[in-house]
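Observations on chain architecture
These are the residues of each chain, in order.
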Amino acid sequence: MLWPDEKGHFGDFGGRFVPETLIPPLEELERVYLSLRKDKQFWEEICLHLEDFAGRPTPLYFAERLTKKFGKARIYLKREDLNHTGSHKINNCIGQALIAKRLGKKRIIAETGAGQHGVAAATVCARFGYECIIYMGEEDVKRQSHNVFRMKLLGAKVVPVNSGSKTLKDAINETLRDWATNVHNTHYMLGSVVGPHPYPMMVRDFQSIIGMEVKKQIADKGSRNPDYLIACVGGGSNAIGLFYPFLNDKDVKMIGVEAAGSGINTSKHSATLGKGTPGVLHGSRSYLLQDKSGQILETHSIAPGLDYSGVGPEHSFLKDSGRVKYESVTDKEALRGFELLTETEGIIPALECAHAVAYLEKMMSWLSPKDIVVVCISGRGDKDVNIVADALKGKA
Amino acid sequence: MAGKKEIPSIDKVFLELKKEKRKALIPYLSAGFPDESKFVKIAVEIAEKGADMLEIGVPFSDPIADGPVSKKSSFEALKKGVTLDKVFKMAEAVLAKAAIPLIIMSYYNPLYAYGLEKFARKANRSKIKGVIIPDLPLEESSEFESFLKMEGIDIIKLCAPNTDESRAKQIAGKTRGFLYLVSVTGVTGSREKLPVTLRDSILKLKSMTDKPVCVGFGISKPEQAKEVAKYADGVIVGSAIIELILKNSRKPEAKAGEFIRELRAVL
């Protein structure tokens, strides 16, 4: 069976739980996207922009020194950090910018956590000549000031959100409120595989280029399919992008890595799939970090892009079906992953995907030298150097 | 004594209103705001001053349809630890003194976490007459509807200004008690002016259904209520009352009651 079904359900998850005002734009978006999905010209146009503007395909890089260091499995890195704007987020933004063109909507709104999606959205808006408004939690505005400045340079208006936890969750609330208010002329460029149908499906489709390229690239290197795919999971867009094209390949095992923050048995983490329960937030049913009254909990992670109390509904589905395993690593372990990749391969990863790198170390005990592992390096770490500098201060 | 009186159903209230040629006044309050006992006091006062029904909001951490004012009252109530069980207790306290239908307004997740069947049962036991769930559209609501139906609780559905005709018909068919027309695109909160197209939207809905059509979002002044009530069967007023409560921390019930009397006079 192909998921989602026509109501946007992935098994028990997904769907469309929004105020009535948002039903018409979501139905319009679904209708337009479903027709474009079958339109060869549309995908050719996307491919053209992905190549010439975003710089795809991104390399599948054999991490020789990392492989040698562990001496256990061949490790490949999918270099999404080498995309234009520095992360995988541009894949989705190009797709949605072309949809906005079909919708005739020239005002774009978006939420951002780490600022990676905000920068990618602001970039395509500059490229296509759209007005761009980015909602960002006040806390994130502070800790990712570098990206805030980039968005402003690109002509976007950055609106700090000071309600609730002042992070990604609240930025999404405010973006939804803006959309309901300006529904006639505005497209919501949602940045992850979360939200109401059709977003989880549509964003997944746009990110699937990651896994499709990996499949081809590993074959071109004369290799069989990888044994393991590893990616970090906040909302889960880079992970689903890598996993989705391999879901039917039964020999390929997949692991999504969540943020354990200060530890999953403390109150300071973002391990939604590890510790959450099903509920409804931001338009879809999925695992959530919530209290027993159904109030959404505040989360923590050193990586702003993982600091979210929800997760994409398809990940919830893949967890329950057992197709994908979800694990977590702490802030401290992620920092070690960050240093490890920087020192061994000369690649400074974003703190988000440093979680995936850190998980490598944990899995080495049960890997054999014949195994092939692909890790998604979803973004580059320039934006995080201040956070890392602060975190390492005690150490130096 | 009011406490001994049977609490009428929403349908019955509209029948009475029709006979008396009056329009329904439905105020909205955030449950447990500014605190539990003051909330009960304000609710009772509002009922005495002429509210026909009362909508009470369950606080939620992520209220995406709420404007700044109702968001604020909801967060305040949450900080004070208001839960659904406490909302039921407050509702019972209000109903001990005021025999008007109470309608619970809640986002879906607090109800989902509580258990949909358990919610319907407890709500009936507390003599709640209706529920409004702003983020539960037709496509996702059938399971909950069946639990509510079993307990005899009305589920009041919303139509938006941008809802097309065929969908509006479906919504009108499914709603119980009345049909809630959202007057403006966007979130709750006072508006200086209501859209000029509102009259047409109301009349269009009225032509589609025999059920009462009530209008909410943005109505903050008696003139606006009067204008809307020319065409609609009732008005819902929320943020304007909460603003009064925020500004008058000493005797909020007096100010709120006075405002209700002014609204009542024009409906």
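The sections below set out a description of the structure shown in this document. Everything numeric in this text was worked out from a predicted model, so none of it was measured. (Residues numbered from 1 in each chain as written. Chains lettered and ligands numbered in written order. Predicted model: local features only at pLDDT ≥ 70, side-chain atom pairs only at ≥ 80, totals over all residues. Heavy atoms only, no water.)

Okay, the pattern of salt bridges next. Counted under the stated rule, the structure contains 44 salt bridges over all chains. For the salt bridge of Arg143(A) with Asp140(A), the shortest nitrogen-to-oxygen distance reads 2.9 Å. Of this pair, Arg143(A) and Asp140(A) are both found in helix 6 (residues 138-143), three residues apart, which corresponds to roughly one turn of the helix. The class of Asp140(A) is buried, set by a relative accessible area of 0%. For Asp170(A), the salt bridge identified is with Lys169(A), shortest N-O distance 3.5 Å. The pair Asp170(A) / Lys169(A) is uniform in exposure class, with both members buried. What you see here is one network of salt bridges that share partners, running through Glu20(A), Glu27(A), Glu139(B) and Arg167(B). (Salt bridge = Lys/Arg side-chain N within 4 Å of Asp/Glu carboxyl O. Helix = DSSP H or I, 4+ residues; strand = E, 2+ residues; numbered from the N terminus. Buried < 20%, exposed > 50% of the residue type's maximum accessible area, 1.4 Å probe, protein only.)

Contacts between the two partners involve 36 residues from chain A, matched on the other side by 33 residues from chain B. Buried surface at the junction of chain A and chain B, summed over both partners, amounts to about 2700 Å²; 51% is from carbon and sulfur atoms. The largest contributions to the chain A side of the interface with chain B come from Glu20(A), Arg177(A) and Gln295(A), which together make up 24% of the buried area. The tally of links from chain A across to chain B stands at four salt bridges. Between Glu174(A) and Lys71(B) there is a salt bridge whose closest N-O contact spans 3.4 Å. The tally of links from chain A across to chain B stands at 19 residue pairs in polar contact (both at pLDDT 80 or more). Those elements giving two or more residues to the side of chain A that touches chain B turn out to be helix 1 (23-37), helix 8 (168-181), strand 11 (277-281) and strand 12 (284-288) of chain A. Tallied by class, residues from the side of chain A that touches chain B come to 14 nonpolar, 12 polar and 10 charged. (Contact = heavy atoms within 4.5 Å. Buried area = accessible area lost by both parts, 1.4 Å probe. Polar contact = N/O pair within 3.5 Å; in protein donor to acceptor, adjacent residues only side chain to side chain. Nonpolar A, V, L, I, M, F, W, Y, C, P; charged D, E, K, R; others polar.)

Evaluated as defined, the whole model comprises 20 aromatic pairs over all chains. Taking the centre distance of 5.9 Å and the plane angle of 55 degrees together, the rings of Trp43(A) and Phe206(A) count as tilted. Here Trp43(A) is found in helix 2 (residues 40-52), whereas its partner Phe206(A) is found in helix 9 (residues 199-207), with 163 residues between them in sequence. On the basis of relative accessible area, Trp43(A) is assigned to the partly exposed category, the value being 26%. Each residue in the set Phe17(A), Phe88(B), Tyr108(B), Tyr112(B), Tyr114(B), Phe119(B) and Phe144(B) is aromatic and connected to the rest through ring pairs, giving one cluster. Between the NZ or CZ atom of Arg127(A) and the centre of the ring of Phe128(A), over which it lies, the distance is 4.7 Å. (Phe/Tyr/Trp six-rings, centres within 6.5 Å; stacked < 30°, edge-to-face > 60°. Lys NZ or Arg CZ within 6 Å of the ring centre and 35° of its normal.)

All names here are of chain A. Strand order in this open sheet of six strands is 3-4-14-9-10-13, and the pairing throughout is mixed. A single partner strand is all that each edge strand has here, and the edge strands are strand 3 (60-62) and strand 13 (324-330). Each strand of the sheet is rotated relative to its neighbour by a mean of 25 degrees, with strand direction disregarded. Of the strand pairs in this sheet, strand 9 (residues 228-232) and strand 10 (residues 253-261) are connected by five bridges, and their pairing is parallel. By the bridge assignment for strand 10, Tyr 228 is matched with Lys 253. On top of the sheet, helix 10 (residues 209-220) reaches strand 3, strand 4 (74-79) and strand 14 (372-377); it is set at about 135 degrees to strand 4, its chief contact. Strands in contact with helix 15 (residues 351-363) are strand 4, strand 9, strand 10, strand 13 and strand 14; relative to strand 9, the strand with the most contacts, it is inclined by about 140 degrees. (Pairing = 2+ DSSP bridges. Axes fitted to C-alpha atoms, helices over the stretch in contact; angles between N-to-C directions.)

Next up on the list: the packing of helix 14 (residues 331-345) of chain A against helix 15 of chain A. Residue and element names in this part refer to chain A. Packing of helix 14 against helix 15 brings their axes to within 7 Å, and their N-to-C directions diverge by 90 degrees. In this view, helix 14 runs roughly perpendicular relative to helix 15, as classed from their interaxial angle. Of the residues in helix 15, those in contact with Glu 333, Ala 334, Leu 335, Arg 336, Gly 337, Phe 338, Leu 340 and Leu 341 of helix 14 are Leu 351, Ala 354, His 355, Val 357, Ala 358, Glu 361 and Lys 362. (Parallel < 35°, antiparallel > 145°, perpendicular 65-115°, else oblique.)

Cis rather than trans, the peptide bond between Arg56(A) and Pro57(A) has omega equal to 0 degrees. That bond from Phe33(B) to Pro34(B) is cis: its omega, 0 degrees, falls within 30 degrees of zero. Of note, Pro34(B) is situated in the loop between strand 1 (24-30) and helix 2 (36-48). Its identity is not glycine, yet His282(A) carries a phi of approximately 50 degrees, on the positive side. Note on placement: His282(A) falls in the loop between strand 11 and strand 12.

On to helix 5 (residues 116-128) of chain A. Residue and element names in this part refer to chain A. With 13 residues, helix 5 extends 18 Å from end C-alpha to end C-alpha; this agrees with the ideal 18 Å at 1.5 Å per step. Of all 13 residues making up helix 5, 11 are buried, and the element is well covered by its neighbours. Turning to helix 5, its buried residues are Gln 116, His 117, Gly 118, Val 119, Ala 120, Ala 121, Ala 122, Thr 123, Val 124, Cys 125 and Phe 128. For helix 5, the elements touching its buried residues are helix 2, helix 4 (89-103), strand 5 (107-112), strand 6 (131-137) and helix 7 (145-153). One or two positions beyond helix 5, positive phi appears at Gly 129, with a value near 75 degrees. (Expected span 1.5 Å × (residues − 1).)

Another point: the side chain of Asp331(A). Residues and elements named next belong to chain A. The topology assignment puts Asp 331 in helix 14. A polar contact is formed between the side chain of Asp 331 and the backbone nitrogen of Ile 302, at a distance of 3.0 Å. Filtering out sequence-adjacent residues up to four positions away, Asp 331 remains in contact with Gly 261, Ser 262, His 300, Ser 301 and Ile 302.

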